[in-house]
Amino acid sequence: MGRPENPIPDPTSPLGRLAVALRNGRRGASFSYVELSDRTRFISPGTLQRAASGTHLPRWEVAQAFARVCGMDDEEIARLWHAAYRSIPGRRSGGSPKPPKARPDRIEDLKGFGPALEELRQANGAPSFRMMQSRARATGRELSRSTAYRISTGQQPPASAECLEAFLVACEVPPRDRTAWLDAWRQAQWRAARQEAERREEMRQLESVVAENIRGQVSQETAVRMLRKAGFEALERFRRFDAPWSVECLECAATLRLRLSDLVLVRATCPECPTLTERVREAWAELVANRSGLLSRQYVRALRAAAVLQPRLHRGHLDVPVFVADRPTLTTLQSGDWHPALEEALRRHVRRPFYLDVLLVPDNGTSSRQSGLRHRRLAKAAGLIDGPLEGPPPRRDVEHTNGVAPADGASKRVATAVQNNTIRPAPDIRIPWKPTSNSGA
């Protein structure tokens, strides 16, 4: 039989009532402090015994674990702990520094309510969000734990005066002090509404300058033309000058949402363009290094003799054009056995989900004169071939995997023809490579 516990110095004090509740919970669960420590897994028996001694305020995590293991009421233990926290003299004066008092008259806008209300919560004993929900409901007000958390962390301001008052009630703010907070919230709402009206007026004036009609509103045709001039393609109908618009980048085919007003003010750029080519080339270097040993020496030699051109991500399909300068390299890479290794390397570097399409671009052209010219433009823009782009009709020496040919900034004339339906891209099907009868070895 273990040694009996020391009596609680003052069982009627807030700290004593917490210790009595913890002791009763342990006895009801029939645990010794050693067994209780084993079940909590991170708290020593001595710490748990001090938590129920009535002489020391335990950390909130210790009291919470103590109650959870013993099957006690979490809300009741939280209420007793916060009452004990507020009753300790060192928390009020002397020992620990007192939390700064929140000043609602210093709040300038709605964003300032998050830090101010968190200071208020800390100054009133830092009640848990579960306890705040219970306190608000006890007075007939509604405040969910998630809402209280988002307000305290500054993720959102109070959505209404009722929401703010429920937060203040949950922090046990007296009624006479709530008026200042509500007045500050109404002032911040008025400033936000005035700023929004000013912003709308600025956007209206800007749109009237850009528009090409007497109504002063940008039309669908004008918006699409401005979007293409900036290097984007619309994915949905244009709605409003300052409304979010789903677009696709013409360089890297990344999808994003922007406002035409931001485009006019030169505040909208594609975040993927500067990084996509770099990430693909990092994956290519990892593939050539063959650290996993999945590729044969023949494939490694062929991949080192080849070069990856500028990739394109088009609505989930990643086109990777690979330039090959000689016939043996082309013959080796025509087999798609190395594609899974490339895809595995790419998925470690490219953040977007994709389906891989590999396009081999040989030095001697392709089966179509226009398509071959496009591929040679890609290679020439990368500095991999010299000489004129025009030449004799090309031969069928290109492999399309999934049949998607990439558009690139270096082939603007051909890409424009594709957009105008002058040149139609290949259908989205797998086209195997087959040599023609006159293609020499």
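Conventions used here
- Residues numbered from 1 in each chain as written.
- Predicted model: local features only at pLDDT ≥ 70, side-chain atom pairs only at ≥ 80, totals over all residues.
- Heavy atoms only, no water.
- Axes fitted to C-alpha atoms, helices over the stretch in contact; angles between N-to-C directions.
- Helix = DSSP H or I, 4+ residues; strand = E, 2+ residues; numbered from the N terminus.
- Parallel < 35°, antiparallel > 145°, perpendicular 65-115°, else oblique.
- Contact = heavy atoms within 4.5 Å.
- Nonpolar A, V, L, I, M, F, W, Y, C, P; charged D, E, K, R; others polar.
- Pairing = 2+ DSSP bridges.
- Phe/Tyr/Trp six-rings, centres within 6.5 Å; stacked < 30°, edge-to-face > 60°.
- Buried < 20%, exposed > 50% of the residue type's maximum accessible area, 1.4 Å probe, protein only.
- Salt bridge = Lys/Arg side-chain N within 4 Å of Asp/Glu carboxyl O.
- Left-handed = near helix turned anticlockwise from the far one by under 90°.
- Arc of directions from axis to C-beta.
- Polar contact = N/O pair within 3.5 Å; in protein donor to acceptor, adjacent residues only side chain to side chain.

S.K.: Teacher, can you tell me more about the packing of helix H2 (residues 33-40) against helix H4 (residues 60-70) here?
M.R.: Describing two packed helices takes the angle between their axes plus the distance from one axis to the other. It is at 10 Å that the axes of H2 and H4 come closest, and there the two elements cross at 100°. On the basis of their axis angle, the class for H2 and H4 is roughly perpendicular. Along its contact with H2, which presents Tyr-33, Leu-36, Arg-39 and Thr-40, the element H4 presents Ala-65, Phe-66, Val-69 and Cys-70. Taken together, the residues of the contact of H2 with H4 sort by class into 6 nonpolar, 1 polar and 1 charged.

S.K.: Help me out: how do you make sense of the sheet that holds strand E2 (residues 245-249) in this one?
M.R.: Judged by pairing direction, the sheet is antiparallel, and its 3 strands sit side by side in the order E1-E2-E3 without closing on themselves. Of all strands in the sheet, those with a lone pairing partner are strand E1 (232-234) and strand E3 (255-258), marking the two edges. For this sheet, the mean angle separating the axes of adjacent strands, direction not counted, is 45°. In this sheet, E3 lies alongside E2 in antiparallel orientation, the contact comprising 4 bridges.

S.K.: Just checking my understanding: could you explain the packing of aromatic side chains for this structure?
M.R.: When we look at a pair of aromatic rings, we describe it by the centre distance and by the angle of the planes. Enumeration according to the criterion identifies 4 aromatic pairs in this entry. Centre to centre, the rings of Phe-129 and Tyr-149 are 5.7 Å apart; their planes meet at 90°, and the pair counts as edge-to-face. Placement of the pair is Phe-129 in helix H8 (residues 129-138) and Tyr-149 in helix H9 (residues 145-152), with a sequence separation of 20 residues. For the ring pair Trp-284 and Trp-338, a centre distance of 6.2 Å and an interplane angle of 85° mean the geometry is edge-to-face. Here Trp-338 lies in the loop between helix H16 (327-333) and helix H17 (339-347) and Trp-284 lies in helix H14 (residues 273-289), a separation of 54 residues in the sequence. For the pair formed by Trp-284 and Trp-338, the shared burial category is buried.

S.K.: Looking at this structure, I do not really get the pairing of E2. What am I missing?
M.R.: Each regular strand carries side chains that alternate between the two faces of the sheet. Among the 5 residues in E2, 5 count as buried, and that is most of the element. Burial along E2 is two-sided: Trp-245, Val-247 and Cys-249 facing one way and Ser-246 and Glu-248 facing the other are all buried. In this structure, E1 lies alongside E2, joined through 3 bridges in antiparallel fashion. Following the sheet pairing, Glu-233 is matched in E2 by Glu-248.

S.K.: Where do I start with the side chain of Thr-329 in this structure?
M.R.: Assignment of secondary structure puts Thr-329 in helix H16. For Thr-329, a relative accessible area of 6% corresponds to the buried category. The contacts of Thr-329, once residues within four sequence positions are left out, are Ala-302, Ala-305, Ala-306 and Val-324.

S.K.: Any chance you could explain the pattern of salt bridges here in plain terms?
M.R.: Note on pairing: side chains with opposite charge can pair once their charged atoms come close. Evaluation of the coordinates by the stated rule reveals 17 salt bridges. The shortest N-O distance in the salt bridge between Arg-135 and Glu-172 comes to 3.6 Å. Of the two residues, Arg-135 sits in helix H8 while Glu-172 sits in the loop between helix H10 (161-170) and helix H11 (175-210), which places them 37 residues apart along the sequence. Connected through salt bridges with shared partners, the residues Glu-196, Arg-199, Arg-200, Arg-240 and Asp-242 form a single ionic network.

S.K.: Honestly, the environment of Gln-133 in this entry has me stumped. Any pointers?
M.R.: As for its placement among the helices and strands, Gln-133 is situated in helix H8. Along the backbone, Gln-133 and Ala-148 are 15 residues apart, and their C-alpha atoms lie at a distance of 8.0 Å. Sequence-distant contacts of Gln-133, defined by excluding residues within four places in its chain, comprise Leu-143, Ser-144 and Arg-145.

S.K.: Is there a simple way to think about the packing of H10 against H11 in this case?
M.R.: Where H10 contacts H11, the two axes come as close as 10 Å, and the packing angle between them is 145°. As H10 runs across H11, the sense of the crossing is right-handed. Taking contact as the criterion, the partners of Ala-161, Leu-164, Glu-165, Leu-168 and Val-169 in H10 are, on H11, Arg-178, Trp-181, Leu-182 and Trp-185. Here the residues of the contact of H10 with H11 sort into 7 nonpolar, no polar and 2 charged.

S.K.: Sorry, what's going on with H17 here?
M.R.: Helical geometry: 3.6 residues make up each α-helical turn, so side chains three or four residues apart lie on a common side. Taken together, the buried positions of H17 are occupied by His-339, Ala-341, Leu-342, Ala-345 and Leu-346. Along H17, the residues classed as buried sweep out an arc of 160° about the axis, all on the same side. Among the structural elements, H14, strand E6 (317-324) and strand E7 (355-362) are those in contact with the buried residues of H17.

S.K.: Explain unusual backbone geometry here, please?
M.R.: One can expect most non-glycine residues to show negative phi and most peptide bonds to be in trans. A positive phi angle, close to 60°, is found at Glu-172, a residue other than glycine. For Asn-290, which is not glycine, the phi torsion reads 55° and is therefore positive. Examined against the element boundaries, Asn-290 turns out to sit in the loop between H14 and helix H15 (297-305). Its relative accessible area of 18% is what places Asn-290 among the buried residues.

S.K.: How should the side chain of Ser-53 be read in this particular structure?
M.R.: Tracing the backbone through its elements, the reader meets Ser-53 in the loop between helix H3 (45-51) and H4. Ser-53 sits in the buried class, given a relative accessible area of 16%. Of the polar contacts made by the side chain of Ser-53, one reaches the backbone oxygen of Arg-50; its length is 2.7 Å. Of the polar contacts made by the side chain of Ser-53, one reaches the side chain of Thr-55; its length is 2.9 Å. Excluding residues that lie within four positions of it along the chain, Ser-53 makes contacts with Ile-8, Pro-9, Ala-19 and Arg-23.

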